[in-house]
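Chain by chain, the residues run as shown.
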Amino acid sequence: MAVSPHDSTGTTFTFGGAAYTVTSIVYNLTDPATEDTIDVSHLGLTTGSAILTQTRPLQGSATDTGREIVIEYLGTSIIADASSAAMSISTGGSVFLSKNATVASSSITFATNDVVKGTATFKVAR
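Quick caveat, the model's predicted, so the values are computed rather than measured.

**What about the overall build of the protein?**
So, step 1. Within the protein, the secondary structure is distributed over zero helices and eight strands.
So, step 2. Secondary structure elements of the protein occur, N-terminal to C-terminal, as β-β-β-β-β-β-β-β.
So, step 3. Evaluated residue by residue, the protein yields a buried proportion of 20% over its 126 residues.
So, step 4. Put simply, of all contacts in the protein between residues at least 6 apart along the chain, 61% involve residues at least 24 apart.
So, step 5. Counting every atom, the protein has about 8400 Å² of accessible surface; 55% of that belongs to carbon and sulfur.

Here you go:
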């Protein structure tokens, strides 16, 4: 049977000690190390040739973990861009994730016939 975040005690999200009423949480995992080269193959290669690569000229930060959290929440508060603090996600009474994070972007949406909603993207620390 599928597990719902609403089973048991629900899901909570906190950032910098403030609790947010979230409507969705997306946890993205990518491996930044797999993107260290770029493909420089060209049309002059013949069938069976090896793919040509070179080191990426612009590298990401050494602290980039490839972990990203995107939340949608209810309310009019805007989470300040570039702010860093402790973040915690708990579901069903258990801590799912507890790390430091930095706000990569945030926004608020005002729409007709709907509640005010915010969206924030966090880069998760190691």
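**Concerning the sheet that holds strand β8 (residues 117–124)**
What holds strands together in a sheet is hydrogen bonding between their backbones, with the strands either parallel or antiparallel.
So, step 1. Pairing is antiparallel around the closed barrel formed by six strands, whose spatial order is β1-β2-β5-β8-β7-β6. Averaged over all pairs of adjacent strands, the angle between their axes in this sheet comes to 45°, without regard to strand direction.
So, step 2. When strand β2 (residues 18–29) meets strand β5 (residues 67–74), the two strands line up antiparallel, connected through eight bridges. Within β5, the position partnered with V22 by the bridge is Y73.

**Notes on the pattern of salt bridges**
So, step 1. All chains considered together, the criterion is met by two salt bridges.
So, step 2. Of the charged contacts, one joins K123 and E68 as a salt bridge, the two residues approaching to 3.1 Å between their closest N and O atoms. Placement of the pair is K123 in strand β8 and E68 in strand β5, with a sequence separation of 55 residues.
So, step 3. In this structure, the salt-bridge partner of D114 is K117, at a minimum N-O distance of 3.5 Å.

**Brief notes about the side chain of S88**
So, step 1. Inspection of the secondary structure puts S88 in strand β6 (residues 84–91).
So, step 2. Residue class for S88 comes out buried when judged on its relative accessible area of 17%.
So, step 3. Sequence-distant contacts of S88, defined by excluding residues within four places in its chain, comprise T12, F13, T14, V95, L97 and S98.

Rules used throughout
Residues numbered from 1 in each chain as written. Predicted model: local features only at pLDDT ≥ 70, side-chain atom pairs only at ≥ 80, totals over all residues. Heavy atoms only, no water. Helix = DSSP H or I, 4+ residues; strand = E, 2+ residues; numbered from the N terminus. Buried < 20%, exposed > 50% of the residue type's maximum accessible area, 1.4 Å probe, protein only. Contact = heavy atoms within 4.5 Å. Areas by Shrake-Rupley, 256 points an atom, 1.4 Å probe, with all protein chains shown as cover. Pairing = 2+ DSSP bridges. Axes fitted to C-alpha atoms, helices over the stretch in contact; angles between N-to-C directions. Salt bridge = Lys/Arg side-chain N within 4 Å of Asp/Glu carboxyl O.

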